[in-house]
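Understanding the architecture of this molecule
One-letter residues, chain by chain:
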Amino acid sequence: MVIKRIRPQRTQDKYYLSRLFDALLQALEEGPMQLQMRTLSYNTQVPEQVLTRLRQWHQHPDDADVRAADFHLLFSHILIRYPTIKMFELPDGSFFFEM
């Protein structure tokens, strides 16, 4: 079993990045940090509407204005503010977060 470390800046796949962001937010909300979207928005200075739009993009990929660079910037803001978060991809394609 090989676990692969995820570095979001290295991928251009918006669908993958949106799924990763959705999974990360879910882990932050349900995990030991219990971080809500409003708090994340405040800490990263990214509007809550933008976080929601990017979180749900993989469900509605017809939004042509979203670029991979938008996700890269967002992940950078989050990982700078919360440097203990590490992201991994399991062999079955699911995500695992270490906090």
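Since this is a predicted model, take the numbers as computed values, not measurements.

Core analysis: the largest hydrophobic core is formed by 28 residues, its most contacted members being Phe21, Leu24, Phe75, Ile78, Met87 and Phe97. The set of elements that each furnish at least two residues to this core consists of helix H1 (14-30), helix H2 (37-44), helix H3 (48-55), helix H4 (68-81) and strand S3 (95-98). Leave out the neighbours within four places in its chain, and Phe21 touches Leu51, Leu54, Arg55, Leu74, Phe75 and Ile78.

Before going further, it helps to spend a moment on the packing of H1 against H3. For the pair H1 and H3, the least separation of the axes is 8 Å and the interaxial angle reads 120°. Here H1 lies oblique to H3, going by the angle between them. Between H1 and H3, the residues in contact are Ser18, Phe21, Asp22, Leu25, Gln26 and Glu29 and Leu51, Leu54 and Arg55, respectively. Classifying every residue of the contact of H1 with H3 gives 4 nonpolar, 2 polar and 3 charged.

Aromatic ring pairs are described here by two measures, namely the spacing of the ring centres and the angle between the planes. What the rule picks out here adds up to 3 aromatic pairs. Taken together, a centroid distance of 5.9 Å and an interplanar angle of 85° make the contact between Phe21 and Phe75 edge-to-face. Here Phe75 lies in helix H4 and Phe21 lies in helix H1, a separation of 54 residues in the sequence. For the pair Phe21 and Phe75, a shared accessibility class is recorded, and that class is buried.

What counts and how
- Residues numbered from 1 in each chain as written.
- Predicted model: local features only at pLDDT ≥ 70, side-chain atom pairs only at ≥ 80, totals over all residues.
- Heavy atoms only, no water.
- Core = buried A, V, L, I, M, F, W, Y, C linked by side-chain atoms within 4.5 Å.
- Buried < 20%, exposed > 50% of the residue type's maximum accessible area, 1.4 Å probe, protein only.
- Helix = DSSP H or I, 4+ residues; strand = E, 2+ residues; numbered from the N terminus.
- Contact = heavy atoms within 4.5 Å.
- Axes fitted to C-alpha atoms, helices over the stretch in contact; angles between N-to-C directions.
- Parallel < 35°, antiparallel > 145°, perpendicular 65-115°, else oblique.
- Nonpolar A, V, L, I, M, F, W, Y, C, P; charged D, E, K, R; others polar.
- Phe/Tyr/Trp six-rings, centres within 6.5 Å; stacked < 30°, edge-to-face > 60°.

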